[in-house]
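# Secondary and tertiary structure notes
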Amino acid sequence: MKEPFQMQTDAITFLQDWNNLSPNILAGFTTKRGGTSSGAFTSNNLGLHVNDTNLNVKENRRLLADLLQFPLENWACAEQVHEDHIVKISKDLTGYGTLNYQDSIKGTDGFYTTETNTLLALCYADCVPIYYMAPEHHTIGIAHAGWKGSVKNIAGKMVELWKINESIPSTEIYAAIGPSIGPCCYMVDDRVIKEVNDILSSSQISNSPYEKVSHDQYSLDLKKLNLLLLLNAGIDRANILVSQYCTSCEKSLFFSHRRDNGKTGRMLSFIGFKNT
Ligand SMILES: [Zn+2]
């Protein structure tokens, strides 16, 4: 299968296939290349909260805004807390948290919007970025799903919110699962697997996203877990793209919280409708 996230510049991968669905969509995931950060954050760190100098991160964000031709005042940024809270972004909620972390939209791991010229942006270092689009309804979204957000089913919650608040049927939603840590590099223990089993059984999903490797050690496929939850929420399999990139394996392209022992930078997922 073709990798849906294709590099166009050194610093950014793009979800180009979605341009066939909506010509003015801009969706992608940054790489660690480009930017001005050094040390553990070399070089395109976009996280304001990770002890990199804020001057570097601000400059990296300005460079990205220029590359995307999407001004920072039109970005929406969050204080991400590994929960399942999702906020609908209107024009008056943009511009916060772009250069100052304290201004971020609090306690939020998912965004959606119906606006043009609004860029939804979240930070990652191994967690799963989930992109959503309903082109017929001019609606886009993004979610941040590490294991905690995944077992809270933030993946399915976005679909549910769109159904309830926007009257969008799940069959008209497209989703893409972006670069994140793969089962090759993601070992978890019984504590995590218990919660995975809880969400699988409450969702009546019989397929398993993990394998036992030794006593109290399992390789967990977070992308597959979220794929199963998106399917369970009613999105057609044909409408879901899945990246093959493992952020831990691809050391030259991505930061990885696991691989780098917690001291590392952040990539940014982004999605927006551009003015054409
Ligand atoms: Zn890997």
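Quick caveat, the model's predicted, so the values are computed rather than measured. (Residues numbered from 1 in each chain as written. Predicted model: local features only at pLDDT ≥ 70, side-chain atom pairs only at ≥ 80, totals over all residues. Heavy atoms only, no water.)

## Some words on the layout of surface pockets
Quick note on the threshold: Of the grid points, spaced at 1 Å and generated over the protein atoms alone, those admitting a 1.4 Å probe that cannot get out make up cavities, while open sets with protein on both sides within 12 Å along at least five of seven lines make up pockets; any residue with an atom within 4 Å of a point is treated as lining. Grid points are joined across faces, edges and corners, and a volume is the space filled by probe spheres set on the points. The numbering of helices and of strands both runs from the N terminus, where a helix is a DSSP run of H or I of at least 4 residues and a strand a run of E of at least 2.
Each pocket or cavity is described by its volume, and for the largest pocket that value is around 540 Å³. Around the largest pocket, the lining comprises 27 residues; the ones closest to its centre are His82, Cys127, His144, His257 and Arg266. Those elements that provide at least two residues to the lining of the largest pocket are strand S7 (119-124) and helix H2 (147-151). Ranked by residue count, the leading element in the lining of the largest pocket is S7, at three residues.

## Considerations on the sheet that holds strand S1 (residues 5-9)
Threshold: A pair of strands is labelled paired if DSSP reports no fewer than 2 bridges between them.
The mixed open sheet is built from six strands, whose spatial order is S1-S2-S3-S15-S7-S4. Among the strands making up the open sheet, the edge pair consists of S1 and strand S4 (75-76). Where strand S3 (residues 25-30) and strand S15 (residues 267-273) come together, five bridges link them in antiparallel fashion. For Ile25, the partnering residue across the bridge sits in S15 and is Phe273.

## Looking at the coordination of the zinc ion
As a reminder of what qualifies: Ligating atoms shown are N, O and S within 2.8 Å of the metal, or 3.2 Å for Na, K and Ca, and water is not included, meaning a site may look less than complete. In this scheme the shape depends on donor count and angles: four donors with every angle between 85 and 135 degrees give tetrahedral, four or six donors with opposite pairs above 155 degrees and others between 65 and 115 give square planar or octahedral in turn, and any other case is irregular. Exposure classes here rest on a 1.4 Å probe applied to the protein chains alone. A residue is buried below 20% of its type maximum, exposed above 50%, and partly exposed in between.
The zinc ion binds to the protein through Cys184 (SG), Cys185 (SG), Cys246 (SG) and Cys249 (SG); the donor distances cover 2.3 Å. Geometry at the zinc ion is tetrahedral, judged from the four donor atoms that bind it and their angles of 103 to 115° at the metal. Each donor residue of the zinc ion lies on one chain, and together they are spaced C-C-x60-C-x2-C. Looking at Cys185, the relative accessible area reads 25%, which means it is partly exposed.

## So, unusual backbone geometry
Looking along the chain, the bond that leaves Thr42 and enters Ser43 is cis, with omega of -10°. Tracing the backbone through its elements, the reader meets Ser43 in the loop between S3 and helix H1 (54-68). Phi is positive for His138, which is not a glycine, with a value near 50°. Mapped onto the secondary structure, His138 falls in the loop between strand S8 (128-134) and strand S9 (139-145). Phi is positive for Asn153, close to 60°, though the residue is something other than glycine.

## Here we look at helix H5 (residues 222-232)
Formally: For this analysis, a polar contact is any N or O atom pair within 3.5 Å, provided that within protein one partner can donate a hydrogen and the other can accept it, and provided that sequence-adjacent residues contribute only side-chain to side-chain pairs.
Burial analysis of H5 places eight of its 11 residues in the buried class, the great majority of the element. Capping the start of H5 is the job of one residue whose side-chain oxygen sits 3.2 Å from the backbone nitrogen of Lys223: Asp221. One or two steps after H5, the chain reaches Gly234, where phi turns positive at roughly 110°.

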